[in-house]
Amino acid sequence: MKRFANFVWKELLHILRDYRTLLILFGMPVAQVLLFGFAITNEIRDAKIAILDFAKDNTTREISNKILSSGYFMLYENLQSPNDIEPAFRKGKIKEVIIFEPGFGANLERFGKANVQLVADASDPNFANMVIGYTTSIIADYQSELSKGKTLPASINPEIKMLYNPNLKSVFMFVPGLMSVILLLVSAMMTSISITKEKELGTMEVLLVSPLNPFQIIVGKVIPYLLLSLVNTATVLVMSKFVFRVPIVGSLPLLIAESTLFLITALSLGILISTISNNQQTAMMISLGALMLPTIILSGYIFPVENMPLILQWISNIIPARWYIRIVKGIMLKGVSFNYIWMETLILFGMTVFFIAVSIKKFKIRLE
Amino acid sequence: MGENQIISVSDLTKKFGSFTAVDKISFDVRPGEIFGFLGANGAGKTTAMRMLCGLSLPTSGKATVAGFDVYRQTESIKKNIGYMSQKFSLYEDLTVKENIDFYGGVYGLSRERRKEKTEFLIDLLKIEEARNKLIKSLPLGWKQKLAFSIAIIHEPKIVFLDEPTGGVDPITRRQFWDMIYEAADRNVTVFVTTHYMDEAEYCSRVSMMVDGRIAALDKPEKLKEQFGVGTMHEVFVKLARPAA
């Protein structure tokens, strides 16, 4: 045990001494979250919209002014008939059309109820979602101002229609994807590099000749990166909560437990990579090419799995991050309990056992 | 196996598929001896050495190291041997002190013992000013001597040196061999592989491996006499190219 502790300490020294890598490891999650955060908050400035006003009364004018003066939207054109909507979108300039029903103000006055339709270009689903969100909240704001001091509350009913991608399946839920990518990068790539580094330097042989057993060596290498990755997980969670206000609806302990499972999956992948590569470059190339790329592209992180060709959908099944992303989305955004994600958990667990078994086998063969 | 043999090998064989890397080698090494293990690249030196260190299981044959069986008692073997690879096997991004401390810890030395050893080695190698310097900033010769000292930090019965003098200048090599002699004087058995034939002259006994077999094994003087030549280099050339 003392030997083992000694070994872990040495690994920590390696990591601490290489402060550039350390900076990248800790800085990367922060930078990525901020990058995503600003990319998104900046784009909602001055989004071009069109208005089709059938009512043309004071109320609709007031609402329009309120929307246009918010700084989020810019009037691109006023439409005259419903037939203009489709061509307006086709031109690709506008992101949203707001349609007020005929007699909007009168209806609101008389029945306390009026309809407005919001049509958004959902070919960019994240953006469409935000545009609608902003518009809806401005209208709600107006509505509550209007209701002040009145007995009968005025109710404006925004009717929302997403064009081109009605189900909005890839809503901006990149936080789970980001977490999986960062955890994979730190865990799998860094572990595989640190193990192959020992091979390259010839120190691995000395360790193997020493009384330390191979199991201790591997676990000792993995533990510091496990800690590091847990810190990174926390960073991403905290940042996404404050930058994006992404809620953690479900149980935090469950989320942490599932993340730890995924970490172990990633670490076992790292060990596997290190057993098949003889130098750091190879380890890095395999990690990036065979791990990171498929994870980014096929896991549902950026492109929804449902929209992929069938063959890629099959392939995506063997990507651990796909299951992890589903778990994280489930817990963070839907607040589901373990009952709903046991299958994903089981798959990740199975993958981990498989990777470890193969690594042990490979490791032994190499020793021969 | 007699009393006076610290390594005893008989008919040791290692096959990789149909390729026989080590073919029925037999030899004994006596305590305190400097045993030279020579051969061309690919002759099977490294494979044989790995089997003796407990890194690789033999296909057949028998061998004991420090009295322990290479099939069943590799853990005990590992506790009783030291090992230094051709790459010096120190951590470049750790300091001299940290390296000594780490390897001492791996071999189970207590904290106090490690401290003692650190002071002793720094004093012995006269590297006081380098105590807290990273290994990568040290000259090659220092690294090599430090690596050897660390390989025997736990005072093993046998130390295996795998081409320990690769890429080092002749003066440093000479100094390095002085250290080997000192270790042998303290009754540490030294098992060394090398490419340098002048180094073969320093060994108590030398074995020459050719194509997985031991082609010759004796004191350097005897070998030279037997082949009627003046240097170990000529012995090697005669053995490695029997047709010539």
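Refer to the structure presented above.
Below, the structure is looked at part by part. As the structure is a computational prediction, the values presented were derived from the model and not from experiment.

**Some remarks on the overall build of chain B**
Reasoning step 1: Of the regular secondary structure elements, chain B holds nine helices and 10 strands.
Reasoning step 2: For 244 residues, the compact-globule estimate of 2.2 N^0.38 gives 18 Å, and the C-alpha radius of gyration of chain B, at 18 Å, lies within 12% of that figure.
Reasoning step 3: On the principal axes, the C-alpha backbone points of chain B span a range of 55 × 40 × 35 Å.
Reasoning step 4: Taken over 244 residues, chain B has a buried fraction of 44%.
Reasoning step 5: Long-range pairs, those at least 24 residues apart, make up 67% of the contacts in chain B between residues at least 6 apart in sequence.

**Observations concerning the interface of chain B and chain A**
Reasoning step 1: Facing the 22 residues of chain B at the interface are 20 residues of chain A.
Reasoning step 2: Within the residue set of the side of chain B that touches chain A, elements represented by two or more residues are α2 (74–80), β6 (81–84) and α3 (96–106) of chain B.
Reasoning step 3: When residues in the side of chain B that touches chain A are grouped by element, the largest group, four residues, is from α3(B).
Reasoning step 4: By residue class, the composition of the side of chain B that touches chain A is 10 nonpolar, six polar and six charged.

**With respect to the packing of helix α3 (residues 58–68) of chain A against helix α5 (residues 104–111) of chain A**
Residues and elements named next belong to chain A.
Reasoning step 1: At a minimum axis separation of 6 Å, α3 and α5 run at an interaxial angle of 110 degrees. Taken as axis vectors, α3 and α5 run roughly perpendicular relative to one another. Residues N58, T59 and T60 of α3 pack against F104, G105 and L108 of α5.
Reasoning step 2: Grouping the constituent residues of the contact of α3 with α5 by class yields two nonpolar, four polar and no charged.

**A word on the nonpolar core**
Reasoning step 1: Ranked by size, the top nonpolar core spans 123 residues in total, and within it L52(B), I81(B), V159(B), F160(B), V190(B) and F191(B) carry the most contacts.
Reasoning step 2: When residues of this core are assigned to their parent elements, the largest contribution, 14 residues, is made by helix α7 (residues 174–201) of chain A.
Reasoning step 3: Discounting residues that sit within four places of it in the chain, V159(B) has contacts with I81(B), G82(B), A151(B), I152(B), A183(B), V188(B) and V190(B).
Reasoning step 4: I49(A), F104(A), V119(A) and M130(A) belong to the second largest nonpolar core, which has 25 residues in total.

**Brief notes about the sheet that holds strand β8 (residues 189–194) of chain B**
Strand pairing in a sheet is mediated by backbone hydrogen bonds. Such pairs are either parallel or antiparallel.
Residues and elements named next belong to chain B.
Reasoning step 1: Judged by pairing direction, the sheet is mixed, and its six strands sit side by side in the order β6-β7-β8-β3-β9-β10 without closing on themselves. The sheet is open, and its two borders are formed by β6 and β10 (213–218), each paired with just one other strand. Direction aside, the axes of adjacent strands within the sheet are offset by 15 degrees on average.
Reasoning step 2: The strands that helix α9 (residues 232–240) touches are β3 (34–39), β9 (205–210) and β10; relative to β9, the one it contacts most, it runs at about 30 degrees.

**Remarks on the sheet that holds strand β1 (residues 7–16) of chain B**
Residues and elements named next belong to chain B.
Reasoning step 1: A sheet is described by the order of its strands in space; here four strands give the open sequence β2-β1-β4-β5, paired in antiparallel fashion. Of all strands in the sheet, those bounded by a partner on one side alone are β2 (19–29) and β5 (68–69).
Reasoning step 2: Relative to strand β4 (residues 60–65), β1 runs antiparallel, the two sharing five bridges. Directly across from T13, in β4, lies its bridge partner S60.

**Side note on α5(A)**
Helical periodicity: at 3.6 residues per turn, an α-helix aligns residues three or four positions apart in one direction.
Reasoning step 1: Of the residues making up α5(A), those classed as buried are F104(A), N107(A) and L108(A). Each buried residue of α5(A) sits inside an arc of 100 degrees when the element is viewed along its axis, so together they form one side.

**Describing the pairing of strand β7 (residues 158–162) of chain B**
Remember that side chains alternate between the two faces of the sheet whenever the strand is regular.
Residue and element names in this part refer to chain B.
Reasoning step 1: Burial within β7 is extensive, with five of its five residues counted as buried.
Reasoning step 2: Residue alternation in β7 divides its side chains into two sets, I158, F160 and D162 and V159 and L161, and both sets are buried.
Reasoning step 3: Note that β6 and β7 share four bridges and pair parallel. Note on β7: the bridge partner recorded for G82 is V159.
Reasoning step 4: As defined by bridge partners, β7 adjoins β8 across five bridges and the pair is classed as parallel. Within β8, the residue paired with I158 across the bridge is T189.
Reasoning step 5: Regarding topology, helix α6 (residues 170–185) serves as the crossover connection from β7 to the parallel β8, and that connection is right-handed.

Conventions we followed
- Position labels on residues start from 1 in each chain and follow its written sequence.
- Chains and ligands are labelled by the order in which they are written, letters from A for the one and numbers from 1 for the other.
- pLDDT decides what is reported in this predicted model: residues at 70 or higher carry local features, side-chain atom pairs at 80 or more are listed and counted, and totals for whole chains, interfaces and linings draw on all residues regardless.
- A run of DSSP states H or I qualifies as a helix once it reaches four residues; a run of E qualifies as a strand once it reaches two. Both are numbered from the N-terminal end.
- It is over C-alpha atoms that the radius of gyration is taken, and the globule rule equals 2.2 Å times the number of residues to the power 0.38.
- Backbone-placed C-beta atoms define the burial measure: a residue is buried with 20 or more other C-beta atoms within 10 Å of its own, exposed with 12 or fewer, and partly exposed in between.
- Each residue gets a C-beta atom placed from its backbone, and two residues are in contact if those atoms lie within 7 Å.
- Gly counts as polar in this scheme, as do all residues outside two lists: the nonpolar Ala, Val, Leu, Ile, Met, Phe, Trp, Tyr, Cys and Pro, and the charged Asp, Glu, Lys and Arg.
- The axes used here are C-alpha line fits, helices contributing only the stretch in contact, and every angle between their N-to-C directions lies in the interval 0 to 180 degrees.
- Orientation labels follow simple angle bins: below 35 degrees gives roughly parallel, above 145 gives roughly antiparallel, 65 to 115 gives roughly perpendicular, and whatever is left gives oblique.
- Put simply, a nonpolar core is buried Ala, Val, Leu, Ile, Met, Phe, Trp, Tyr and Cys residues tied into one set by C-beta atoms within 7 Å.
- Here the rule is simple: two strands pair whenever DSSP picks up at least two bridges between them.
- As used here, the arc is the angular range of directions from the helix axis to the C-beta atoms.
- A clockwise course of the path from the first strand over the helix to the second, judged with the strands pointing away from the viewer, identifies a crossover as right-handed.

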